[in-house]
Amino acid sequence: MVQTYLRSLQDDICTQLEALDGGRRFREDLWEHHSGGGGRTRVLEGGDVFERGGVNFSAVEGDMTPKMLQVLQVAPRTDAPVRFTATGVSLVLHPRNPRVPIVHMNVRYFEMTDGTWWFGGGIDLTPIYVDQQDARSFHGVLRDACERHGADFYPAFKRWADDYFFLSHRAETRGVGGIFFDRLGDGEGFEFERRFAFLREIGDAFCPSYLPIVRKNKDLPYGQRERDWQSLRRGRYVEFNLVHDRGTKFGLETNGRTESILMSMPPHAEWKYDFRTEPGSPEEETQNWLRKGVDWG
């Protein structure tokens, strides 16, 4: 049931992204996991709108190893051998135009044969140049989706995103945030159908939250200055994914499929020693927005 929804979500998002990028098609790789299951990795490169993007579906299974138990910080409820199933859709899009934000989404489900299960996921926006109207629109869609399932969901999951999508070694957020949630499951006493309905709500909110922003900004003019700043901001994105992102670390530490895991990396990125934005510049304005607790009301 969960896998059926996630497969259809991948199909729908890819169809809408291909139409937005003038019909350019995703390349699809079908793969099998060494412990069982597999997935569909779909990558679009060299598009007019998306310089690089990936929309991945996976459904893998296998024995819970001591390493996985340690990484996930879970203890089996039984002394018998325990197996797991993990399925999800994960996407990252790196647009060509610096006026269009990077976006990330992940919706996932995990269960063990001892009865443990949970849902997790999130969506966040990483503008190269922060547009307040776009940030408010993006958060508005996510807030409405959350409020259909719980009055406290959006403020709680927004705070969680602010804390999670944070480069502690830079003391800055990755972008303007969004929502993040994890381990919504039987450990909290909630029934499966309610949590699955919330996961579907968030998955279905991706296109309404992001595609209008793409359409608004994809044809705006830009020059080398904007591309240079984009490369530096993409460098920060790489830093987060390699240093802090749990999914990347979990995948690499448990012998996941490297190409699918690193699909999230941008096609080009740059680092400059001790780079400082010019006072009063658009780049400084964006840098000043990269903090926790901004109310995008």
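Anything mentioned here points back to the structure above.
No experiment lies behind these values; they were computed from the predicted model shown.

Asker: Outline the overall build of the protein, listing residues and values.
Answerer: When its secondary structure is counted, the protein shows nine helices and nine strands. When its C-alpha atoms are laid out on the principal axes, the protein stretches across 60 × 40 × 35 Å. Taken across its 297 residues, the protein has 53% of its residues classed as buried. The contacts of the protein with a sequence gap of at least 6 include a subset with a gap of at least 24, amounting to 71%. Total accessible area on the protein stands at roughly 13,600 Å², and carbon and sulfur atoms take up 48% of it. Charged side chains in the protein number 39 positive and 45 negative. The centres of these two groups are separated by 2 Å.

Asker: Let's hear about the packing of helix α6 (residues 224-243) against helix α9 (residues 282-289): which residues, and what values?
Answerer: With their axes 11 Å apart at the nearest point, α6 and α9 run at an angle of 25 degrees to one another. Judged on the interaxial angle alone, α9 and α6 are roughly parallel. Note on packing geometry: the crossing formed by α6 with α9 is right-handed. Judged by residue contacts, Arg225, Trp229 and Arg233 of α6 engage Pro282, Glu283, Thr286 and Gln287 from α9. For the contact of α6 with α9, the per-class residue count stands at two nonpolar, two polar and three charged.

Asker: Give me the lowdown on unusual backbone geometry, citing residues and values where you can.
Answerer: Not every positive phi belongs to a glycine, and Ala171 is a case in point at roughly 55 degrees. With respect to the helices and strands, the residue Ala171 is situated in the loop between β7 (166-167) and β8 (172-173). The class for Ala171 is exposed, based on a relative accessible area of 56%.

Asker: How would you sum up a nonpolar patch on the surface? Please name residues and give values.
Answerer: Together, Leu242, Val243, Leu252 and Leu262 line one region of the surface with nonpolar side chains, adding up to about 310 Å² of accessible area. Relative to the elements of secondary structure, Leu242 occurs in helix α6. Of the residues examined, Leu242 reaches a relative accessible area of 48% and is grouped as partly exposed.

Asker: Which residues make up the sheet that holds strand β3 (residues 50-63), and what are the values?
Answerer: The strand order across the open sheet built from seven strands is β1-β2-β3-β4-β5-β6-β9, with neighbouring strands paired in antiparallel fashion. Each having just a single partner strand, β1 (27-32) and β9 (177-185) make up the two edges of the open sheet. Strand-to-strand, the axes of this sheet are offset by a mean angle of 5 degrees, without reference to chain direction. In terms of strand pairing, strand β2 (residues 37-45) meets β3 through nine bridges, oriented antiparallel. Among the inter-strand pairings, Gly39 is bridged to a residue of β3, identified as Ser58.

Asker: Go over the environment of Gln3 with me, naming the residues and quoting the values.
Answerer: Structurally, the position occupied by Gln3 is in helix α1 (residues 2-20). Sequence separation between Gln3 and Glu51 is 48 residues; the distance between their C-alpha atoms is 29 Å.

Asker: Account for α1, naming residues and giving values.
Answerer: Over its 19 residues, α1 extends 27 Å from the first C-alpha to the last, a length consistent with the 27 Å expected when each residue adds 1.5 Å. Against the buried residues of α1 lie β2, β3, β4 (83-95), β5 (102-112), β6 (117-126) and α5 (192-217). Where α1 terminates, the next one or two residues include Gly22, which has phi positive at roughly 75 degrees.

Asker: Lay out the pairing of β6 in plain terms, naming residues and giving numbers.
Answerer: The element β6 is extensively covered by neighbouring structure, given that 10 of its 10 residues are classed as buried. Both faces of β6 are covered, namely the face carrying Trp117, Phe119, Gly121, Ile123 and Leu125 and the face carrying Trp118, Gly120, Gly122, Asp124 and Thr126. What sits between β5 and β6 in their antiparallel hairpin is a turn of four residues, with Gly115 showing a positive phi close to 100 degrees. Sheet topology note: the β6/β9 ladder contains seven bridges and is antiparallel. Across the sheet, residue Leu125 finds its bridge partner in β9, namely Gly177.

Asker: For the nonpolar core, give the residues involved together with the corresponding values.
Answerer: Generally speaking, a soluble globular protein has its nonpolar side chains buried in company with each other. Counting 54 residues, the largest nonpolar core has Ile13, Phe50, Val103, Met105, Ile202, Phe206 and Tyr210 as its most contacted members. If you tally residues by element for this core, the top one is α5, at 11 residues. Non-local contacts of Phe50, meaning those with residues more than four positions away in its chain, are made with Leu17, Leu20, Asp21, Leu44, Leu93, His94, Pro95, Arg96, Tyr210 and Val214. Judged by nonpolar contacts, the second largest core, of 12 residues, contains Val60, Met64, Phe84 and Trp118.

Criteria and thresholds
- Residues numbered from 1 in each chain as written.
- Predicted model: local features only at pLDDT ≥ 70, side-chain atom pairs only at ≥ 80, totals over all residues.
- Heavy atoms only, no water.
- Helix = DSSP H or I, 4+ residues; strand = E, 2+ residues; numbered from the N terminus.
- Buried < 20%, exposed > 50% of the residue type's maximum accessible area, 1.4 Å probe, protein only.
- Contact = heavy atoms within 4.5 Å.
- Areas by Shrake-Rupley, 256 points an atom, 1.4 Å probe, with all protein chains shown as cover.
- Lys, Arg positive; Asp, Glu negative; His and termini not counted.
- Charge placed at Lys NZ, Arg CZ, Asp CG, Glu CD.
- Axes fitted to C-alpha atoms, helices over the stretch in contact; angles between N-to-C directions.
- Parallel < 35°, antiparallel > 145°, perpendicular 65-115°, else oblique.
- Left-handed = near helix turned anticlockwise from the far one by under 90°.
- Nonpolar A, V, L, I, M, F, W, Y, C, P; charged D, E, K, R; others polar.
- Patch = residues over 30% accessible without salt bridge, like charges linked within 9 Å, V, L, I, M, F, W, Y side chains within 5 Å.
- Salt bridge = Lys/Arg side-chain N within 4 Å of Asp/Glu carboxyl O.
- Pairing = 2+ DSSP bridges.
- Expected span 1.5 Å × (residues − 1).
- Core = buried A, V, L, I, M, F, W, Y, C linked by side-chain atoms within 4.5 Å.

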